[in-house]
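Spelled out, the chains give:
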Amino acid sequence: MAKAIKKRGATKNWSYKINEEEETFLVDFGDELSEGFGIHFEKQVADDCCKVYFPLDGELYEDEKKSEFKALLNMIYSARTSFSRMEITDDYGLAEDFMESKKFKLKLRELTEEEMERAKRLYNLGYTAHPDFVLKLIYDYLEIPFDEEYEKYVNPKVSCTRYDLEDQKFLRPFIETFLYETSEYRDQGRLFLIDDYFGELNAVWFSAYAFILIIEEVILYKDDPFLKYHNSFGVKEGQAHKYYVQKFLPMLENETDPFERCILAYRFFVSVYDFCGLVYVGKEKIALDQNRISSASDIELRYYMHQDEKKRIGLRKYEDIPEGYSTLVSVGLASFAKTQCFQNSEVIMAVDEDAGQAMKCLGMTLLSFAREDFGFDKGFCTGNILDIFIPGFEEQHHKAGIYFMEIDKLPDDFPFIIRGGRVYMAFFVTRQEIDYMLKYGFEKFEEALRESNVDLRQLGRESIIEI
């Protein structure tokens, strides 16, 4: 009995038969023109051939989802691990190239018109050796004078390569500076926020580091033999390094024209960049984004964690945003705990004084939630616990707990941390306010807040509940 392979796409008309006794696998292409394809096993060897009537150009060939020819090759390729050796040939020499391309996830793309103009300009300026050409590409993207030493332009905020920076090794930090100051990572957030998660393995870190290591190989070119034989740092770096060694270097060494060598190096540069999920947006946009958060006189990141556990909570403090206040923003809370509503939450708190104490109280409170996999709800108060974190806090500021309130309306340009997520506003509350919540509920308390019109950012504010 014949069975359909897949009822849509390139194989929608195909069917197959398996005969376990005769050890055969037969495919009927269902077009009345092609011969059936079969694999016949004999003494652990499978060998067969067939004639097919498939388009070998146009959309029905180029589009892998529509191409019957490529679907057939993909089907055979998927069984490669069952054989110690596999060889596929065809009359037009297409199969060998296609099967070879399956080994590499990275594809070498052509340059755009703008990129080609940049390449010609740099080459005409005298940068004709491909390692120097690629280095000057980074200069050009960063708008750095070509006659300057690149070490002085390394951005001190780089995170992937901070240890190189500490060891006074500047090439990797310089390549990361190019990412930091010109690039985004897909749609998952600004690349420069990588340092929020430094020390934790995540997609952004692996992608950025993959690009940095591979481009370093191109710039150094054979100067360091270790570069050609090293353990990979993640899947993307492994794939890109495999292409570099097995495809790029042979192509480069077979090319004798220096301009074409530079073009090939540039194509590899942008192909690795695309493969790593990076998006070029330019210095102007990045500078604008950075200015939105760096206009503060001070930015600080702290982590809070229990000594016997790996869980930690990050808080970033922005001084003088808005003017006269310190704003605390949770870092990575959305992906921290198992509880569903906790996964989709981040927290913001603003205070007018003692930001350091407020930061510790909020950080330890959130860590306690995470430790118990405890999620927020619409309106929630911690209770009288702040003196546990900072003895004497209540006596000094007359605040005993932290209240978390979901923000209903956000500015149009408010940055979304997660899709479908919630942002909670946190503020300190008095003991009288906590007692009022326990007696009348959170909704009544929030009604009283709106009627009072108090500035919740003032740490020393009076209680809205009269004794």
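Criteria and cut-off values
- Residues numbered from 1 in each chain as written.
- Predicted model: local features only at pLDDT ≥ 70, side-chain atom pairs only at ≥ 80, totals over all residues.
- Heavy atoms only, no water.
- Buried < 20%, exposed > 50% of the residue type's maximum accessible area, 1.4 Å probe, protein only.
- Helix = DSSP H or I, 4+ residues; strand = E, 2+ residues; numbered from the N terminus.
- Polar contact = N/O pair within 3.5 Å; in protein donor to acceptor, adjacent residues only side chain to side chain.
- Core = buried A, V, L, I, M, F, W, Y, C linked by side-chain atoms within 4.5 Å.
- Contact = heavy atoms within 4.5 Å.
- Salt bridge = Lys/Arg side-chain N within 4 Å of Asp/Glu carboxyl O.

Describing helix H2 (residues 68–77)
Then comes step 1: Burial runs high along H2: 9 of the 10 residues are buried.
Then comes step 2: Regarding H2, the residues found buried are Glu 68, Phe 69, Lys 70, Ala 71, Leu 72, Leu 73, Asn 74, Ile 76 and Tyr 77.
Then comes step 3: Between the side-chain oxygen at the start of H2 and the backbone nitrogen of Lys 70 there is a gap of 3.1 Å, and the oxygen is on Ser 67.

Describing the nonpolar core
Then comes step 1: One finds Phe 211 and Phe 269 to be the most contacted residues of the largest nonpolar core, which totals 59 residues.
Then comes step 2: For this core, the elements supplying multiple residues, two or more each, are helix H4 (113–124), helix H5 (130–142), helix H7 (171–182), helix H8 (203–220), helix H9 (235–254) and helix H10 (258–275).
Then comes step 3: With 12 residues, the top contributor of residues to this core is H8.
Then comes step 4: Each residue touching Phe 211, except ones within four places of it in the same chain, is listed here: Ile 175, Phe 178, Leu 179, Phe 269, Val 272, Tyr 273, Cys 276 and Leu 278.
Then comes step 5: Ile 313, Val 351, Met 364 and Phe 404 belong to the second-largest nonpolar core, a separate cluster that totals 27 residues.

Re the pattern of salt bridges
Then comes step 1: On inspection of all chains with the given rule, the structure shows 12 salt bridges.
Then comes step 2: Residue Arg 121 pairs with Asp 140 through a salt bridge whose shortest N-O separation is 2.8 Å. On the criterion of sequence distance, the pair formed by Arg 121 in helix H4 and Asp 140 in helix H5 is long-range, its members being 19 residues apart.
Then comes step 3: Taking the relative accessible area as the measure of exposure, Asp 140 reaches 15% and is therefore buried.
Then comes step 4: Two residues, Glu 216 and Arg 172, come together in a salt bridge whose shortest N-O distance is 2.9 Å. In this pair, Glu 216 is assigned in helix H8 and Arg 172 in helix H7, connecting sequence segments 44 residues apart.
Then comes step 5: Each of the salt bridges in this network shares a partner with another, and the network as a whole consists of Arg 109, Glu 115 and Asp 274.

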